[in-house]
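# Survey of secondary and tertiary structure
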Amino acid sequence: MIKEILKELDIKHVKLVAVSKTKPIAQILELYQVGQRVFGENKVQELVEKAELMPKDIEWHMIGHLQKNKVKFIAPFVSLIHSVDSFELIAEIDKYAAKNNRIIDCLLQFYIAQEDTKFGLSLQEGQELLNSKQFTQLENIRIVGVMGMATFTDNKTQVKAEFNQLKHIFDEIKSTYFKNEDCFIEISMGMSDDYKIAVEAGSTMVRIGSLLFGKRF
Ligand SMILES: *Cc1c(COP(=O)(O)O)cnc(C)c1O
């Protein structure tokens, strides 16, 4: 299964984040052993525990909503935070990145779904964040792209429109704020049920869990 997915993504130069939340170490190791090195978790405590137990050459991504008071636990090692949705959060990430002598890569999470439950910025809020003087003074974070989640629905037309919207947001922000910066390249969108649609819409990074590890209960 993973080999087929990897091959399919590889042809399109899309990165795979294997979402291992709720899954035991033994199962994650199986994927590690066939070469997967990028794993994503959505809870800080679980992320920290797994990072301690698993081989050290793994890139750990924080993909879930992140509370400010928990940033310090992942700041020493996290490779990419997908879920930045406020200035206060990114300022906290910057602070703990500095304490750990690191620069932490982040994605701005945008709200593209027709649901009340999903976190994220509007395009306008993202622009306000990027325009603010306080933001430009942060030295230990690097914004490398955007992230979004589509509505949980079988309506493929709607999902496609939402992913297109995120691609549009990416293009808008790239051309305004990161035109000459080679590091702003990532569009993290697509999960088990909709990653093919996401890749078609321009995703550079998919976050796949249940398709690789089986259903979560
Ligand atoms: C759980 C989760 C995923 C993966 O979901 P699947 O449907 O199992 O592929 C992707 N992104 C986020 C933010 C998640 O919390």
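Residues numbered from 1 in each chain as written. Predicted model: local features only at pLDDT ≥ 70, side-chain atom pairs only at ≥ 80, totals over all residues. Heavy atoms only, no water.

### A short note on the pairing of strand S1 (residues 15-19)
Looking down a regular strand, the side chains alternate between one sheet face and the other. Within S1, four of the five residues are buried, leaving the element largely enclosed by the surrounding structure. Taken together, the four bridges between S1 and strand S8 (residues 205-208) define a ladder with parallel strand orientation. Of the residues in S8, the one forming a bridge with Lys15 is Met205. Two strands pair when backbone bridges link them, and S1 and strand S2 (residues 38-41) are joined in this way by two bridges, in the parallel orientation. Residue pairing across strands places Ala18 opposite Phe39, the latter belonging to S2. (Buried < 20%, exposed > 50% of the residue type's maximum accessible area, 1.4 Å probe, protein only. Helix = DSSP H or I, 4+ residues; strand = E, 2+ residues; numbered from the N terminus. Pairing = 2+ DSSP bridges.)

### Examining the site of the ligand
Contacts to the ligand come from Val19, Lys21, Ile63, Met149, Met191, Ser192, Arg207, Ile208, Gly209, Ser210 and Arg216. Lys21 has a polar side-chain atom sitting 2.7 Å from an oxygen atom of the ligand. For the ligand, an oxygen atom lies 2.5 Å from a polar atom in the side chain of Ser192. A total of 390 Å² of accessible area belongs to the ligand in isolation, and the protein chains cover 91% of it. Here the shell around the ligand is composed, by residue class, of five nonpolar, three polar and three charged. (Near = heavy atom within 4 Å. Polar contact = N/O pair within 3.5 Å; in protein donor to acceptor, adjacent residues only side chain to side chain. Areas by Shrake-Rupley, 256 points an atom, 1.4 Å probe, with all protein chains shown as cover. Nonpolar A, V, L, I, M, F, W, Y, C, P; charged D, E, K, R; others polar.)

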